[in-house]
Amino acid sequence: MVMSWILQSVSPDIAKSIMFQDKAVDMWNELHDRFNHGDGTRIFELQTSISNLKQGDSNVTSYFTRLKSIWDELREFQSFSPCVCGCTCGAMKKLQDCYNRDQTIQFLMGLNESYAQVRAQILLHNPIPPLSTVFSMIVQEERQRSLGTNPIIAATSSSRPPTPKAKKPRPMCSHCKKPGHWVDKCYFIHGFPPGYGDKKRSEEPSKVAINQNTSSSIGSAPPMTHDQVQELITLLSQSLKQSIETPPLQNSY
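Residues numbered from 1 in each chain as written. Predicted model: local features only at pLDDT ≥ 70, side-chain atom pairs only at ≥ 80, totals over all residues. Heavy atoms only, no water.

Enquirer: Outline the side chain of Arg-119, supporting the account with residue identities and numerical values.
Expert: Considering the arrangement of structural elements, one finds Arg-119 in helix α7 (residues 116-123). Among the polar contacts made by the side chain of Arg-119, one reaches the main-chain carbonyl oxygen of Leu-108 at a distance of 3.0 Å. Aside from chain neighbours lying at most four places away, what touches Arg-119 is Leu-108, Met-109, Leu-111, Asn-112 and Glu-113. (Helix = DSSP H or I, 4+ residues; strand = E, 2+ residues; numbered from the N terminus. Polar contact = N/O pair within 3.5 Å; in protein donor to acceptor, adjacent residues only side chain to side chain. Contact = heavy atoms within 4.5 Å.)

Enquirer: Explain the packing of aromatic side chains residue by residue, including any values.
Expert: Summed over the entire model, instances satisfying the criterion amount to five aromatic pairs. Ring geometry for Phe-64 against Trp-71: centres 6.3 Å apart, planes inclined by 80°, an arrangement best described as edge-to-face. As far as burial versus exposure is concerned, Phe-64 and Trp-71 are alike and both buried. Three or more aromatic residues joined by ring pairs make a cluster, and in this case those are Tyr-63, Phe-64, Trp-71, Phe-107 and Phe-135. Positioned over the ring face of Tyr-115 is Arg-145, at 4.4 Å from the centre of the ring. (Phe/Tyr/Trp six-rings, centres within 6.5 Å; stacked < 30°, edge-to-face > 60°. Buried < 20%, exposed > 50% of the residue type's maximum accessible area, 1.4 Å probe, protein only. Lys NZ or Arg CZ within 6 Å of the ring centre and 35° of its normal.)

Enquirer: Before we move on, can you summarise the packing of helix α5 (residues 60-77) against helix α6 (residues 91-109) with the specific residues and values?
Expert: At a minimum axis distance of 11 Å, the contact between α5 and α6 shows a crossing angle of 140°. Looking at the two axes, α5 sits oblique to α6. Crossing angle aside, the handedness with which α5 passes α6 is right-handed. Where α5 approaches α6, its residues Val-60, Tyr-63, Phe-64, Leu-67, Trp-71 and Arg-75 are matched on the opposing element by Gln-96, Tyr-99, Gln-103, Gln-106 and Phe-107. Class assignment of the residues belonging to the contact of α5 with α6 gives a composition of seven nonpolar, three polar and one charged. (Axes fitted to C-alpha atoms, helices over the stretch in contact; angles between N-to-C directions. Parallel < 35°, antiparallel > 145°, perpendicular 65-115°, else oblique. Left-handed = near helix turned anticlockwise from the far one by under 90°. Nonpolar A, V, L, I, M, F, W, Y, C, P; charged D, E, K, R; others polar.)

Enquirer: Account for the packing of helix α1 (residues 2-9) against helix α3 (residues 24-35), naming residues and giving values.
Expert: Viewed as axis vectors pointing N to C, α1 and α3 meet at an angle of 30°, and their least axial separation amounts to 9 Å. When the axes of α1 and α3 are compared, the pair comes out roughly parallel. At the point where α1 passes α3, the crossing takes the left-handed sense. Here α1 contributes Val-2, Met-3, Ile-6 and Leu-7 to the contact with α3, which in turn contributes Ala-24, Met-27, Trp-28 and Leu-31. Across the contact of α1 with α3, the residue classes tally to eight nonpolar, no polar and no charged.

Listed below in structure tokens is the structure:
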């Protein structure tokens, strides 16, 4: 039964290499001797995976599950020696708290930038909350966003000035080169509608009539007779003669 469990726990290629062992202990020892070397390489791979792991398109729960599986495997290579004092000095608790804090920071580092504000609020706590508490806070934030608009993001967006609307370009006809219409509605191509320009033509005769009336009113004064002209000349001559004979006033001192 143990031999069957070992064979099902390894890959098919490895199972073929140990399936002819007579005892389960021989299988285990062979696997131990074969794969119990190079822990440093595996630790390096796990640490690199943790550094490169990002949330991406996954939800918070899926991202946390992937990260925790790497932590669990890494813990198998990082066994802590028991404290010599029987853990009465509190050193093991401090070491465990430091380990949990590192996991919390690693979890926050891999979150998407949309959680930057929540992440900053968590990092302001002293000490940093436990990993379980931080995970619960991020999940609560994710659920609130799925229900509606985030109030923090809404307040930020409302403070921005409104984007001015772009003005629509004024139509310009490529045929007559006049603004206000496109070529598919140009009257010079498709013809003018009935009654177009009647108002303009009706206004022009009225203007001509006004000008004629004005000119006729100016030139409608009756002409002067010959006697009236002679009388006007006589009056002007007398007025000129009087102005010449009148001596200038002298100043007296």
